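Each chain, letter by letter, is given below.
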Amino acid sequence: MELKTARLTVLIDPAKKKAFEALCDRQDVTPSQVVRRLIRDYLNHHGVTFVPSGVKQEEEAEAKS
């Protein structure tokens with residue numbers, strides 16, 4: 001399981017934020033879940049690999065093979 005210890009601050013238009021939060025609510029997801037998924041997808045799209053924080057050494061070796 002990833003450790004969620006880092007904070008990302010994003011400044012957006014208040015109306016866009018309100019619409020985003022309303023959509024997330026309708027889809028029964030949190031805005032944080034959506035942003036984390038967007039970041040994961042963006043990294044994957046650009047071929048960036050990483051080992052999530054909190055992953056044990058054995059899991060790191062398995063992920064590389």
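Q: Help me out: how do you make sense of the overall build of the protein chain in this one?
A: Counting its secondary structure elements, the protein chain contains 3 helices and 0 strands. Ordered by position from N to C terminus, the α and β elements of the protein chain give α-α-α. Considering the protein chain as a whole, with its 65 residues, one finds that 3% of them fall into the buried category. As presented, the protein chain carries roughly 6,100 Å² of accessible surface, and 56% of it is formed by carbon and sulfur atoms.

Q: It is not clear to me how helix α2 (residues 31-45) should be interpreted in this structure. Could you clarify?
A: The periodicity of an α-helix, 3.6 residues per turn, causes residues three or four positions apart to be oriented the same way. The first and last C-alpha atoms of α2 sit 21 Å apart over 15 residues, in line with the 21 Å expected at 1.5 Å per residue. G47 occupies a position one or two residues after α2 and carries a positive phi of about 70 degrees.

Q: Even after reading the chapter, I still don't get the environment of F50, so can you show me in this structure?
A: Tracing the chain through its elements places F50 in the loop between α2 and α3 (57-64). Relative accessible area serves as the criterion here: at 41%, F50 is assigned to the partly exposed category. Taking the C-alpha atoms as reference points, F50 and R40, separated by 10 residues in sequence, lie 9.9 Å from one another. In this view, F50 contacts R40 and L43; residues no more than four positions away in its chain are not counted.

Q: Sorry if this is basic, but what is going on with the confidence of the model for the protein chain here?
A: A low pLDDT score tells you not to read the predicted coordinates there in detail. In this model, the protein chain carries a mean pLDDT of 88, and residues with pLDDT of at least 70 account for 83%. Mean pLDDT across the elements of the protein chain bottoms out in α3 (59) and peaks in helix α1 (residues 14-26) (98).

Q: Explain the packing of α1 against α2 here, please?
A: Packed helices, taken two at a time, are described by the angle their axes make and the gap between the axes. Running from N to C, α1 and α2 point in directions that differ by 95 degrees, and their axes come no closer than 9 Å. It follows that α1 is roughly perpendicular to α2 by the angle criterion. Contacts between α1 and α2 involve F20, E21 and C24 from the first element and P31, V34 and V35 from the second. Split into classes, the residues belonging to the contact of α1 with α2 amount to 5 nonpolar, no polar and 1 charged.

Parameters at a glance
- Residues numbered from 1 in each chain as written.
- Predicted model: local features only at pLDDT ≥ 70, side-chain atom pairs only at ≥ 80, totals over all residues.
- Heavy atoms only, no water.
- Helix = DSSP H or I, 4+ residues; strand = E, 2+ residues; numbered from the N terminus.
- Buried < 20%, exposed > 50% of the residue type's maximum accessible area, 1.4 Å probe, protein only.
- Areas by Shrake-Rupley, 256 points an atom, 1.4 Å probe, with all protein chains shown as cover.
- Expected span 1.5 Å × (residues − 1).
- Contact = heavy atoms within 4.5 Å.
- pLDDT = per-residue confidence, 0-100.
- Axes fitted to C-alpha atoms, helices over the stretch in contact; angles between N-to-C directions.
- Parallel < 35°, antiparallel > 145°, perpendicular 65-115°, else oblique.
- Nonpolar A, V, L, I, M, F, W, Y, C, P; charged D, E, K, R; others polar.

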